[in-house]
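Secondary and tertiary structure notes
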Amino acid sequence: MAKYEVLSKVKHRDLHFTPAKNFSFYARESISLVGLAEAPLIAKWMPMIFIKLDKGEMFLGGLHSLVPNDNKFIGKNGRWLIPYIPAVVRSYPFKLASMKNTEDNTTKQILAFDNESGLFSTNKRKNSVAIFTSEGHATEFIFKLGGQLEALKKEMDKASKLAQQIERKGLLSPLSIEDKSGKKQLLKNIFSLNEKNLEACTADTLKELSDSSALELVFQQKFSLSNFQSLLKKTDD
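A brief look at the structure comes next. A quick note: this is a predicted structure, and the numbers were derived from the prediction, not measured.

Our focus in this paragraph is the overall build of the chain. Regarding its fold elements, the chain presents seven helices and eleven strands. Projected onto its principal axes, the C-alpha positions of the chain cover 60 × 50 × 25 Å. Of all 237 residues assigned to the chain, the portion counted as buried reaches 42%. Counted over contacts in the chain with a minimum sequence separation of 6, partners at least 24 positions apart contribute 67%. In the structure as shown, the chain presents an accessible area of about 14,300 Å², 51% of it carried by carbon and sulfur atoms.

What follows deals with the side chain of H12. Within the element layout of this structure, H12 appears in the loop between strand 1 (4-6) and strand 2 (16-17). In this structure, H12 is in contact with E5, V6, L7, F113 and F132, ignoring residues within four places of it in sequence.

In spatial order, the strands read 3-5-4-11-10; together these five strands make up an open sheet with antiparallel pairing. Only two strands of the sheet have a single neighbouring strand rather than two, namely strand 3 (31-33) and strand 10 (172-178). Neighbour-to-neighbour, the strand axes of this sheet turn through a mean angle of 55 degrees, independent of strand direction. Of the strand pairs in this sheet, strand 10 and strand 11 (residues 184-193) are connected by six bridges, and their pairing is antiparallel. Its bridge partner being in strand 11, S173 is matched across the sheet by S192. Contacting strand 3, strand 4 (48-52), strand 5 (58-63) and strand 10, helix 3 (residues 140-168) crosses the sheet at an angle of about 105 degrees to strand 5. Helix 6 (residues 214-224) rests against strand 4, strand 5 and strand 11 of the sheet, and its axis sits at about 115 degrees to strand 4.

One finds F50, L60, L63, I166 and L217 to be the most contacted residues of the largest nonpolar core, which totals 44 residues. Of all the secondary-structure elements, those providing two or more residues to this core are helix 1 (39-45), strand 4, strand 5, helix 3, strand 10, strand 11, helix 6 and helix 7 (228-236). The residues contacting F50, other than those within four sequence positions of it, are M58, F59, L60, A163, I166, L172, N189, I190, F191, S192, L217 and Q221. Core analysis: the next-biggest nonpolar cluster, separate from the first, contains 14 residues, L15, F113, L145 and L149 among them.

Quick look at the pattern of salt bridges now. Inspection of the entire model under this criterion finds eight salt bridges. K11 serves as the salt-bridge partner of E5, at 2.7 Å between the closest nitrogen and oxygen. For E5, a relative accessible area of 18% translates into the label buried. One salt bridge in this structure joins D70 and K72, with 3.0 Å as the shortest N-O distance.

With that out of the way, let us pick up the sheet that holds strand 2. Strand order across the open sheet formed by three strands is 8-2-9, with antiparallel pairing between neighbours. Because the sheet does not close on itself, it has two edges, and the strands there are strand 8 (120-121) and strand 9 (129-130). Sheet analysis places strand 2 next to strand 9, joined by two bridges and oriented antiparallel. What sits directly across from F17, in strand 9, is V129.

Moving on, we come to the pairing of strand 6 (residues 94-101). Sheet analysis places strand 6 next to strand 7 (residues 106-114), joined by eight bridges and oriented antiparallel. Within the sheet, the bridge partner assigned to A97 lies in strand 7 and is I110. Hairpin connection, strand 6 to strand 7: the antiparallel pair is bridged by four residues, and N105 has positive phi, about 60 degrees.

What follows concerns the environment of S91. Topologically, S91 is positioned in helix 2 (residues 87-91). For S91, a relative accessible area of 14% puts it in the buried group. Placed 54 residues apart in sequence, S91 and L145 show a C-alpha to C-alpha distance of 8.2 Å. Beyond its immediate chain neighbours, meaning those up to four positions away, S91 contacts L149 and L152. One polar contact links the side chain of S91 to the main-chain carbonyl oxygen of A87, over a distance of 2.8 Å.

Cut-offs and rules
- Residues numbered from 1 in each chain as written.
- Predicted model: local features only at pLDDT ≥ 70, side-chain atom pairs only at ≥ 80, totals over all residues.
- Heavy atoms only, no water.
- Helix = DSSP H or I, 4+ residues; strand = E, 2+ residues; numbered from the N terminus.
- Buried < 20%, exposed > 50% of the residue type's maximum accessible area, 1.4 Å probe, protein only.
- Contact = heavy atoms within 4.5 Å.
- Areas by Shrake-Rupley, 256 points an atom, 1.4 Å probe, with all protein chains shown as cover.
- Pairing = 2+ DSSP bridges.
- Axes fitted to C-alpha atoms, helices over the stretch in contact; angles between N-to-C directions.
- Core = buried A, V, L, I, M, F, W, Y, C linked by side-chain atoms within 4.5 Å.
- Salt bridge = Lys/Arg side-chain N within 4 Å of Asp/Glu carboxyl O.
- Polar contact = N/O pair within 3.5 Å; in protein donor to acceptor, adjacent residues only side chain to side chain.

By themselves, these observations are geometric and do not establish any function.
Below is the structure:
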């Protein structure tokens, strides 16, 4: 399990990062959170789902496997098997962490990294990049990375906002799958479009969903479900 640590120019001044050679680090991740901008690409290559996290917030996700702690899109030698790699996967071992200021009750985003990823060292390695300059300032690599992660968070927040709107309209139902015997099994905290409820929506509700782009996301999610067959096949193989 990833152990994230806040990046510090004092504690990590001599840190160097070496990009991973493959995606084996994501082999036990059955879901990746998705930003709104990448939703069309996710929908093209994998089942896209709505996932409810521990705090009850609804997010958009890409489903990698029907089995927990598994990823059917990673093959031998850690190779990613489909053309599109989710942004959150490409961002590893970095992410933005929320830090709350108790004095003014504000929250800011700070850069964190998985200190147990094996991708960091205090000595320069082949193909490694420095995190801080010799003067203790963030390198261009870190500035660029921070901008990418901020953009990704904004897109994830947009997707989450739409997902919650879709949920409020009663358009989501727990996602279930059938095993070989035909028995249905609910996937925990995973939801999909309820087409009957969508068909029953009033014109005003449909306009509201259309104006916010939630309707477009609904149809992208519906389209993505065609990828379930290939995922089921990978599960049976």
